[in-house]
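# A look at the structure
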Amino acid sequence: MKHGIPKGEKFSVNFYTNNLAGIDEIHRFPANDASKISERDFNLIGGKPLNQYRATTGEFTQGILKDLFDEQGKSDGRIISIGIITANWILCGKTFDRLKICARGDGHLEFKKELINRCHYLIIVSPLGKLLPMDSIAKFNAIISNTGEPYNDFEIPEKKRNQTYLHISYRKPHSVSPLARISGDLKTLEDEGSSKNYIFSEASPEFDPSNDPNQAIRMDLPHDYIELNFKKIYHYDYRDIHR
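Turning next to the packing of helix α2 (residues 59-73) against helix α3 (residues 108-118). Remark: α2 packs on α3, axes separated minimally by 10 Å, with the N-to-C direction vectors making an angle of 10°. Taken together, α2 and α3 sit at an angle that is classed as roughly parallel. Between α2 and α3, the contacting residues are Thr61, Gln62, Leu65, Lys66, Phe69, Asp70 and Gln72 on the first element and Glu110, Phe111, Glu114, Leu115 and Arg118 on the second. Residue composition of the contact of α2 with α3, by class: four nonpolar, three polar and five charged.

Listed below in structure tokens is the structure:
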């Protein structure tokens, strides 16, 4: 909507979302050109409107999602689905070569699993700081034990590798960001094509939050429990970057 994307003449595009915050965002753009994508092209999936997560979830939501995919299955390939998801956290293993989606809250992980398993293509949009080089959800839950209910995780099937795109932002090689090292590791992984259950989005931009080390830390590590346990999670001390 921001870029005034035109509607197709030979095909139609329908948007379905459970993201209440996303609906708020599309209302920020004027909808005065009938030939461009507007709010009228979006469909809000019903369910429990959980304010904490700014999304609808639950059995009713899952039922609608299942019906949409069942209808897709009857279309003889005429309906192509593209799922776009975020995650509270993503566990990637020590080498960042695989993705496990983490979620908590009523129905959140179930919704994401349905999209992952049934969409033709999947785009995972994530801040760099949400990718964690960890394998164990139990160890992560131990770190964040004072922040609420524990997380559950779901690993992207390897058979979905070439249809799953990770969209992130990279840091510059000499960035003061505490995440500069893992940004470089991800670039190497992308160049080698050695990720196991996803590929990198070619549109992932280069971005630096700040040239000031303290501000970069605050922006890339906004959660105190991640900064306090940084070395345990990332296996290096980000303060070495600034020495």
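Past the structure itself, the notes keep going.
Bringing the sheet that holds strand β9 (residues 131-132) into the picture now. Judged by pairing direction, the sheet is mixed, and its four strands sit side by side in the order β9-β6-β7-β10 without closing on themselves. On the outer flanks of this sheet lie β9 and β10 (152-155), each paired with one strand and no other. Pairing of strand β6 (residues 89-91) with strand β7 (residues 100-103) involves three bridges; the strand directions are antiparallel. When the bridges of β7 are listed, Ile90 appears paired with Ile101.

Glancing now at the layout of surface pockets. Its volume calculated, the second largest pocket comes out at about 260 Å³. Here the lining of the second largest pocket is composed, by residue class, of ten nonpolar, three polar and three charged.

As a further point, take the sheet that holds strand β8 (residues 121-125). Hydrogen bonds between backbone atoms are what pair the strands of a sheet, whose relative direction is either parallel or antiparallel. Judged by pairing direction, the sheet is parallel, and its four strands sit side by side in the order β5-β8-β11-β12 without closing on themselves. Both edges of this open sheet fall to β5 (82-85) and β12 (199-200), since each of them pairs with a single strand only. Two strands pair when backbone bridges link them, and β8 and strand β11 (residues 164-167) are joined in this way by four bridges, in the parallel orientation. Bridged to Ile123 within β11 is Tyr165.

Quick look at unusual backbone geometry now. Even without being glycine, Arg54 reaches a positive phi, approximately 55°. The residue His235 is not glycine, and still its phi comes out positive at about 70°. Position of His235 among the secondary structure elements: in the segment after α8 (230-234).

Let's shift gears to the pairing of β8. Residues Leu122 and Ile124 point to one face of β8 and are all buried, whereas Tyr121, Ile123 and Val125, pointing to the other face, are not buried. Pairing between β5 and β8: four bridges, direction parallel. Its bridge partner being in β8, Ile84 is matched across the sheet by Ile123.

With that settled, consider a nonpolar patch on the surface. Where nonpolar side chains cluster on the molecular surface, the patch consists of Ile80, Ile82, Ile84, Tyr121 and Val125 and spans about 480 Å² of accessible area. Where the nonpolar patch is concerned, the elements lending two or more residues are β5 and β8. The class of Ile80 is exposed, set by a relative accessible area of 52%.

Positionally, Ser210 belongs in the loop between β12 and α6 (213-220). Engagement of the side chain of Ser210 in a polar contact is seen with the backbone nitrogen of Asp212, the distance being 3.0 Å. Side chain to side chain, Ser210 and Gln215 meet in a polar contact 3.3 Å long. Ignoring anything within four residues of it in the chain, the contact list for Ser210 reads Val176, Gln215 and Ala216.

What counts and how
- Residues numbered from 1 in each chain as written.
- Predicted model: local features only at pLDDT ≥ 70, side-chain atom pairs only at ≥ 80, totals over all residues.
- Heavy atoms only, no water.
- Axes fitted to C-alpha atoms, helices over the stretch in contact; angles between N-to-C directions.
- Helix = DSSP H or I, 4+ residues; strand = E, 2+ residues; numbered from the N terminus.
- Parallel < 35°, antiparallel > 145°, perpendicular 65-115°, else oblique.
- Contact = heavy atoms within 4.5 Å.
- Nonpolar A, V, L, I, M, F, W, Y, C, P; charged D, E, K, R; others polar.
- Pairing = 2+ DSSP bridges.
- 1 Å grid on protein atoms, 1.4 Å probe; cavity = no way out; pocket = protein on both sides within 12 Å on 5 of 7 lines; lining within 4 Å.
- Points joined across faces, edges and corners; volume = space filled by probe spheres on them.
- Buried < 20%, exposed > 50% of the residue type's maximum accessible area, 1.4 Å probe, protein only.
- Patch = residues over 30% accessible without salt bridge, like charges linked within 9 Å, V, L, I, M, F, W, Y side chains within 5 Å.
- Areas by Shrake-Rupley, 256 points an atom, 1.4 Å probe, with all protein chains shown as cover.
- Salt bridge = Lys/Arg side-chain N within 4 Å of Asp/Glu carboxyl O.
- Polar contact = N/O pair within 3.5 Å; in protein donor to acceptor, adjacent residues only side chain to side chain.

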